[in-house]
Amino acid sequence: MHCRRNLLRCGIQLFKERQNRRLLSLSQDVAWVVKSSYPEFIVPTESIPQHVWSRCEEWSDNIAFECGVTGRSYTYGATRKLCRRFAASLHRAGLQAGSTLAIVMPNSPEWPIVFLGALEAGFVVTTINPTYTADEISKQLQDSQVKVIVTLSAIHSTIMTAVKISVGKNNPLVIIAPGFQQGSQLPAGSIDLMEMLQKDINTSVRISGDFNDTAVLPYSSGTTGLPKGVMLSHKNFVSACSQLNCLHELCLTEPAVGSHQDICPVIMPFFHIYGMTVLLLAKMLHGVKMVTLPRFEPTSFFNLLDKHEVRFMNIAPPLVLFLATHPGLQKRHIRALKYVSCGAAPLPRTDIHRFLERAPRVSFMQGFGMTETTSVGLRSRPYDKNYESVGVPIPNTEVKISHPESGATLACGEIGELCMRGPQVMKGYYNRPDATSDTIDSEGWLHTGDIGHYDDKNHFYIVDRLKELIKVKGFQVAPAELEQILRSHPQIEDAAVVGIPDVKNGEVPKAYVVPKGSKISQDDVKKFVAEKVSEYKHLKGGVQFIDKIPKSPSGKILRRILKEQL
C-alpha cells in the first residue's frame, strides 16, 4: 500500500512537471510571437469595388489612369461609370456571377476598368503575364476554368493557341482592349471592349459577392512545386488596402485635395500582386494619378519623369539598380522624389547605397510579402537606415520564426522559417487542399518558406530560402516547372534546376541534365526550354551535363548538393 502511494505521488509529480513544461512552452510561444506595434483597426466589411470607390466623389474630375505611351486617360468619375458598364455588359452577354475572367495584357488605363468591372459583376479575376507562351497560358486557363479572356490584338494569336491547347467544353469569350498602336484590327470572333463601355448600356447591375468570397485568383508556386491558384477574397484585399492606408508612414501618399494630386509611375505590372494591391487598389483610395507603362523601357520612363513630379515610387530591385547606374538619369528626373519602397525580391545593402549616392535625400524602404499574403506583411519605416531588414509587421499582423522541423516558436535572434498571420492571408490554393494544409497550419499561420530572424527591435531579416523558388527580377520561377519541360525532351533522362546569383536579375535558372546519349548539346537544351516558357524563365545560368541527379531515398531532388558544387 505504501509502495502504491509512492508510485501515485511520483506519477502526479511527473504529470505536474510535464504540464509546467508544456505551459512554459506555450507561454514562450506567445511571448515570441511578434505583434504589430501599429494600432489595430476594424476591417471594413465591403467588397473591393465598394471599398475603392468609397471616396470617388471627392476627386471625380481628377485623372485616375493615364497611358505613359499614348497619353490616353480617364478621370476617376469616368472610370467609375465605365466599370459599371463593363459589369452590366458581362451580364448582358449571358455570363454568370462566379465565372472566371482572365486578364492577359500589360499595364494600360483599361486594365483597372476590366479588373474592377469584372469584380463588380461578381466574377473571379485571374491575371496572366502577357509575355507568357501559349503553353504557360493554357495551363492557367484550364486550371482556373476561364469563361472570358480580355487581351490585346497584338497577342491574340498566342491566346487562341493557348485556348486550343487547353481542354474545355466551351471556348471562352475573347474581348479585345485598346492597344498601343493606331489602326490595329479587331481579330475575327472577338468583341471590342470599347463597345461594351458605351453610354447606352443599362448599368443597374447589383454588386455581387460576399465579403469572404474569392475575388482574385493569381497564380503562385507557393513554397515549392508548380504554379497554383491563390484564392484571395474581398476581405484579403480590403484588409491589405486598409493596412497600407491607415497611417501616412505606410501609404506615403496624401489624399487628393484641391489642386494637389500625387502622381504614381506604374512600372510594376498590375497582374503581379505587388502592382495590383500596393499600387492599383491602395493608391485609388487616395485619388492618386497613375501613369502606366506597358513595359519598362528607359526612354518612356525618363519621359514620364520629365513630364511629372514624382514624390514616391513603389518598385522592384532591377529598377533600383537601373536608377543607381544608368548614365541617362539626370537630377531633374528625381527632383521631387522623397520615398522609394522596394519589394518583390531582396536587395543588398551595397546596391541601396549606390542608389542613395545619386538620391541622398530619398527615404529608402524595403518590404516583404507574397501572393499568399495579398502582397503585404512587413515594411520598414521611413528614414530607418537599417537596410538589411525587410521591416516590421504592418497593422493587424503577427509574425513569428518557427523551427523548420519541430515547429517550435523561436526567440529573438534565432534563425528559422518566417511565418505570418493576419486578415490578408489567403483562403488557400484553388482545388489544392493538400497544398493549402502544407502552407497554412491549424492555427492560421502561413509558412512562407523563407528563412530569417528578428532582432530586439522586432525588425525582421531574410537570410535564405527554405523554399526552392528562383526569384528572377522579382518574378517566381518554379524549378519543378522547368524540370518537367526538360524531362519531356526525348534525349534527356533526368534534370534538376536551381537558382544561381546574378547581378542584373538577382537569380537566374541553371539546369543540371542527365542526357540519354551524346546527341544533345547545351544550346539544344536552352533552345528547347526557351520555346516553351517566358524570357525570364530561360536557362540563363547555363546547362551542365552530369551522370546522376542527387536525390533522397524518397526521390526528392537534393538541390542543396547541386548548389554546393557551384
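Residues numbered from 1 in each chain as written. Predicted model: local features only at pLDDT ≥ 70, side-chain atom pairs only at ≥ 80, totals over all residues. Heavy atoms only, no water.

Student: Please explain the overall build of the protein chain as it appears in this structure.
Tutor: Within the protein chain one finds 16 helices and 28 strands. For the protein chain, whose C-alpha radius of gyration is 25 Å, the value lies close to the compact-globule estimate of 24 Å for 566 residues. Considered along the principal axes of its C-alpha atoms, the protein chain spans approximately 95 × 65 × 55 Å. Counting all 566 residues of the protein chain, 57% fall into the buried class. Restricting the contact set of the protein chain to residue pairs at least 6 apart, pairs at least 24 apart contribute 70%. Taking the average location of the 64 positive side-chain charges in the protein chain and that of its 54 negative ones, the two points are 1 Å from each other. (Helix = DSSP H or I, 4+ residues; strand = E, 2+ residues; numbered from the N terminus. Rg over C-alpha atoms; globule rule 2.2 N^0.38 Å. Buried < 20%, exposed > 50% of the residue type's maximum accessible area, 1.4 Å probe, protein only. Contact = heavy atoms within 4.5 Å. Lys, Arg positive; Asp, Glu negative; His and termini not counted. Charge placed at Lys NZ, Arg CZ, Asp CG, Glu CD.)

Student: Help me understand helix α15 (residues 522-530), please; the structure alone is not making it clear to me.
Tutor: An α-helix turns once per 3.6 residues; consequently, residues spaced three or four apart project the same way. Along α15, the residues that are buried comprise V525, F528 and V529. Viewed end-on, α15 has its buried residues packed into an arc of 95°, placing them on one side of the element. Exposed side of α15, more than 90 degrees from the buried face: D523 and K527 are the residues found there. Where α15 is buried, its residues meet α14 (479-487), β26 (492-502), β27 (506-515) and β28 (543-545). (Arc of directions from axis to C-beta.)

Student: Explanation requested: the sheet that holds strand β2 (residues 63-67) in the structure shown.
Tutor: Two strands in a sheet stick together by hydrogen bonds in their backbones, pointing the same way (parallel) or opposite ways (antiparallel). Taken together, the four strands give an open sheet; going across it, the order is β3-β2-β13-β12, and neighbouring strands pair in mixed fashion. Either end of the sheet is taken by a strand with one partner, and the two such strands are β3 (73-75) and β12 (263-266). Neighbouring strand axes in the sheet, compared pairwise and without regard to direction, differ in orientation by 15° on average. Strands in contact with helix α3 (residues 76-92) are β2, β3 and β13 (289-292); relative to β3, the strand with the most contacts, it is inclined by about 90°. Lying over the sheet, helix α9 (residues 273-284) contacts β2, β12 and β13, oriented at roughly 150° with respect to β13. (Pairing = 2+ DSSP bridges. Axes fitted to C-alpha atoms, helices over the stretch in contact; angles between N-to-C directions.)

Student: Sorry, what's going on with the nonpolar core here?
Tutor: Buried together is how nonpolar side chains tend to be arranged in soluble globular proteins. If you look at the biggest cluster of nonpolar residues, it comprises 123 residues, and the most contacted ones within it are F86, L90, L101 and F115. Listed in part, the 29 residues of the second largest apolar core include I267, L305, V340 and C342. (Core = buried A, V, L, I, M, F, W, Y, C linked by side-chain atoms within 4.5 Å.)

Student: I would appreciate a short explanation of the sheet that holds strand β18 (residues 392-393) in the present structure.
Tutor: Spatially, five strands are ordered β14-β15-β16-β17-β18 in an open sheet, and the strand pairing comes out mixed. In the strand order of this sheet, the two ends are held by β14 (312-315) and β18, each with one partner. As paired strands, strand β15 (residues 339-342) and strand β16 (residues 363-368) are joined by four bridges and run parallel to one another. For Y339, the partnering residue across the bridge sits in β16 and is S363. Sheet strands in contact with α9 are β14 and β15, and its direction is about 150° off that of β14.

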